[in-house]
Amino acid sequence: MISSLSGQVSSIGPDFAVIKAGSFGMRVYMPARSLLEMRSGAEVDVYTNLVVREDSLTLFGFLLADESEAFDILQGVSGIGPKTALAALNVYTPDELRAALAAADEKMLQKIPGIGKKSAQRMILEIGDKLGPAKGLTLEPQPVADEVADEVIAALQSLGWQKQQAQAAVDQFAGSGLNASDMLRAALVNLGGNRG
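Overview of the structure. Since the structure is predicted, the reported quantities are computational estimates derived from the model, not experimental observations.

### Focus on the overall build of the chain
Counting its regular elements, the chain contains nine helices and five strands. Counting helices and strands in the order they occur from the N terminus, the chain gives β-β-β-α-β-β-α-α-α-α-α-α-α-α. Relative to its 196 residues, the chain shows a buried fraction of 37%. For the chain, restricting intrachain contacts to residue pairs at least 6 apart in sequence, the fraction spanning at least 24 positions comes to 54%. Total accessible area computed for the chain in this model is approximately 10900 Å², and 53% of it derives from carbon and sulfur atoms.

### A word on the packing of helix H8 (residues 163–171) against helix H9 (residues 180–191)
Here H8 crosses H9 at 115°, and the two axes come no closer than 9 Å. Accordingly, the angle class assigned to the pair H8 and H9 is roughly perpendicular. Classified by chirality, the crossing of H9 by H8 is right-handed. Judged by residue contacts, Gln-165, Ala-169 and Val-170 of H8 engage Met-183, Ala-187, Asn-190 and Leu-191 from H9. The class makeup of the residues in the contact of H8 with H9 is five nonpolar, two polar and no charged.

### Let's talk about H9
Over its 12 residues, H9 extends 16 Å from the first C-alpha to the last, a length consistent with the 16 Å expected when each residue adds 1.5 Å. For H9, the set of buried residues is Met-183, Ala-186, Ala-187 and Leu-191. End-on, the buried residues of H9 take up no more than an arc of 135°, which puts them together on one face. Set apart from the buried face of H9 by more than 90 degrees, the exposed residues are Arg-185 and Val-189.

### What about the sheet that holds strand S5 (residues 56–62)?
Strand order in the closed barrel formed by five strands is S1-S2-S3-S5-S4, and the pairing between neighbours is mixed. On average, adjacent strands in this sheet sit at an angle of 55° to one another, irrespective of strand direction. Packed onto the sheet, helix H2 (residues 65–75) meets strand S4 (43–53) and S5 and runs at close to 10° relative to S4.

Reading the values: the criteria
Residues numbered from 1 in each chain as written. Predicted model: local features only at pLDDT ≥ 70, side-chain atom pairs only at ≥ 80, totals over all residues. Heavy atoms only, no water. Helix = DSSP H or I, 4+ residues; strand = E, 2+ residues; numbered from the N terminus. Buried < 20%, exposed > 50% of the residue type's maximum accessible area, 1.4 Å probe, protein only. Contact = heavy atoms within 4.5 Å. Areas by Shrake-Rupley, 256 points an atom, 1.4 Å probe, with all protein chains shown as cover. Axes fitted to C-alpha atoms, helices over the stretch in contact; angles between N-to-C directions. Parallel < 35°, antiparallel > 145°, perpendicular 65-115°, else oblique. Left-handed = near helix turned anticlockwise from the far one by under 90°. Nonpolar A, V, L, I, M, F, W, Y, C, P; charged D, E, K, R; others polar. Expected span 1.5 Å × (residues − 1). Arc of directions from axis to C-beta. Pairing = 2+ DSSP bridges.

Nothing here speaks to function; it is all geometry.
Structure, rendered in structure tokens:
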């Protein structure tokens, strides 16, 4: 297995870099964040993961060991291959993934291309704490805020407001830490008597 690669950046594509190591030019697929930090002609050291398929050998690379480890762990989830694992690291840093998994935030995980509700649930179940604790990211109570906001919007609709009005009234309080009853009260004050 090729676990690292050092050489000169020969060219940079939309999702890969060609790194010249000796007389070989290796195409290495990388997260966009890593590619943005690289420059043609510069010397680089990348952590790599070689994915072997019946018809191909594909090299994935990362500037950080943490990303490389996260990539390995993500591929351990049934139904997630290397392209989806790379897409996850395009959308989130390893710490952001740790935070989403620790909070069991399915909605956050579903922002990754190729990840639906069932895949997000599998990620939470199968990865668990394998990525370790978040190293520099504080967890926000976002999933709770979303559930509370959805509950309040439904309550406002049952009271006769249109969904768009209810959504607009609740949006400014989402993520504020208010419980459902306080958020409903605040949204009602905000709406006044303007029924749809």
